[in-house]
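This is what each chain is made of:
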Amino acid sequence: MSSQFGLRAAAVPESLELIHELLEEVWAGEPGIEPMDRIRFETALIEVASNIIEHSQPASTDPVRFVLAVECEPERLYAEFTDNARPAGIDLSAAELPDDMSGSGRGLALAKVALDQFSYAKEDAGNRWTLLCRRKSAAAASH
């Protein structure tokens, strides 16, 4: 059985609060999710959203907007961001944590470390980011 949650928002800093509110709804609806799974998933979602907000360029005269879909299943947490921005041209395989003195460049690398699967794709209408976090509680139950 799965639960689905969603959000449509402008790619502006204030939308991060909307994502936190959505996650509170997710956690309230799915109380059995382990704290570490919540932390990993929330960290990745916020880092990807921050990247979209900070770096996206409009593809037209329309402002950049994103759609976030979150799905909770007994064995995994899944999220997908789609946006209407110009292609980001991201190579996630190159995303690595910078040294401690670097003031930026950690977001996608943190998301990559936190997740079990993380992908980016350019699409005709913008960008698609997919995030998958396998639930540790499900892994422990299967052993």
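Per-chain numbering applies: the sequence of each chain, read as written, is numbered from 1 onward. Two thresholds apply to this predicted model, a pLDDT of at least 70 for residue-level local features and 80 or more for giving and counting side-chain atom pairs, whereas whole-chain, interface and lining totals are computed over all residues. Excluding hydrogens and water, the side-chain values take into account all heavy atoms of the structure.

1. Considering the overall build of the chain
Next, step 1: Check the secondary structure of the chain and you find four helices and five strands.
Next, step 2: Comment: elements are numbered from the N terminus, with helices defined as DSSP H or I runs of at least four residues and strands as E runs of at least two. Seen in sequence order, the chain has helices and strands lined up from the N terminus as β-α-α-β-β-α-β-β-α.
Next, step 3: Residue contacts follow a heavy-atom distance rule, with two residues in contact if any of their heavy atoms lie within 4.5 Å. Counting only contacts in the chain whose residues sit at least 6 apart along the sequence, the fraction spanning at least 24 positions is 65%.
Next, step 4: Accessible surface, the chain as shown: approximately 8000 Å² in total, 52% of it carbon and sulfur. For accessible areas, the Shrake-Rupley method is used with a probe of radius 1.4 Å. Any residue's cover is judged against the shown protein chains and nothing else.

2. Overview of the nonpolar core
Next, step 1: Counting 36 residues, the largest nonpolar core has Leu 68, Val 70, Phe 81 and Leu 131 as its most contacted members.
Next, step 2: Secondary-structure elements contributing two or more residues to this core are β1 (3-10), α1 (15-29), α2 (35-55), β2 (65-73), β3 (76-83), α3 (107-114), β4 (117-123) and β5 (126-134).
Next, step 3: The greatest single-element share of this core, amounting to eight residues, is contributed by α2.
Next, step 4: Not counting residues up to four positions away in its chain, the partners in contact with Leu 68 are Phe 5, Gly 6, Leu 7, Ile 19, Leu 22, Leu 45, Ala 79, Glu 80 and Phe 81. Joining through side-chain atoms within 4.5 Å is the link that ties buried Ala, Val, Leu, Ile, Met, Phe, Trp, Tyr and Cys residues into a set, and such a set is a nonpolar core. For every residue, the accessible area (1.4 Å probe, protein chains only) is compared with the maximum for its type, and the residue is labelled buried under 20%, exposed over 50%, or partly exposed between those bounds.

3. Points about the packing of aromatic side chains
Next, step 1: A pair of aromatic rings is counted whenever rings of Phe, Tyr or Trp (Trp by its six-membered ring) have centres within 6.5 Å, and the orientation is called stacked for planes under 30 degrees apart, edge-to-face for over 60 and tilted otherwise. Inspection of every chain in the model, using the stated rule, returns four aromatic pairs.
Next, step 2: Aromatic side chains Trp 27 and Phe 41 sit 6.5 Å apart centroid to centroid with 70° between the ring planes, which places their arrangement in the edge-to-face category. With a gap of 14 residues between them, Trp 27 in helix α1 and Phe 41 in helix α2 connect regions that are remote in the sequence. With respect to burial, Trp 27 and Phe 41 carry one shared label: buried.
Next, step 3: Both rings, one in Phe 66 and one in Phe 81, keep their centres 5.7 Å apart while their planes meet at 65°; by these two values the pair is edge-to-face. Here Phe 66, found in strand β2, pairs with Phe 81, found in strand β3; they are 15 residues apart in sequence, far enough to count as distant. Side by side, Phe 66 and Phe 81 carry an identical accessibility label, which is buried.
Next, step 4: A connected cluster of aromatic rings, assembled from ring pairs, spans Phe 118, Tyr 120 and Trp 129.

4. Some points on the pattern of salt bridges
Side-chain pairing between opposite charges can occur once the charged atoms of the two side chains come close.
Next, step 1: The salt bridge criterion pairs a side-chain nitrogen of Lys or Arg with a carboxyl oxygen of Asp or Glu, the two atoms within 4 Å. Per the stated rule, a full pass over the model turns up six salt bridges.
Next, step 2: Across the salt bridge formed by Arg 76 and Glu 71, the nearest N and O atoms sit 3.9 Å from each other.
Next, step 3: On the basis of relative accessible area, Glu 71 is assigned to the buried category, the value being 18%.
Next, step 4: If you follow the salt bridges from partner to partner, you end up with Asp 37, Arg 40 and Asp 116 in one network.

5. Description of the sheet that holds β2
Next, step 1: Any two strands between which DSSP finds at least two bridges are classified as paired. Ordered by their spatial adjacency, five strands build an open sheet running β1-β2-β3-β5-β4, and the pairing between neighbours is antiparallel. Two strands bound the open sheet, and with one partner strand each, they are β1 and β4. The mean inter-strand angle of the sheet, taken between neighbouring strand axes irrespective of direction, is 10°.
Next, step 2: Sheet topology places β4 next to β5; seven bridges connect them, and they run antiparallel. Bridge assignment links Ala 121 to a residue of β5, and that residue is Arg 128. For every element, the axis is a line fit to its C-alpha atoms; helices are fit only across the contacting stretch, and the angle between N-to-C directions ranges from 0 to 180 degrees.

6. Topic: α1
Next, step 1: Expected span, for any helix, means 1.5 Å times one less than how many residues it has. With 15 residues, α1 ought to run about 21 Å at 1.5 Å a step, and its terminal C-alpha atoms sit 21 Å apart, in line with that.
Next, step 2: Restricting attention to buried positions, one finds in α1 the residues Ser 15, Ile 19, Leu 22, Leu 23, Val 26 and Trp 27. Buried residues of α1, viewed axially, fall in a sector of 140°; they line one side. Turned more than 90 degrees away from the buried face of α1, the exposed residues are Glu 24 and Ala 28.
Next, step 3: Buried residues along α1 sit in contact with β1, α2, β2 and β3. The arc in question is traced by the directions running from the helix axis to the C-beta atoms.

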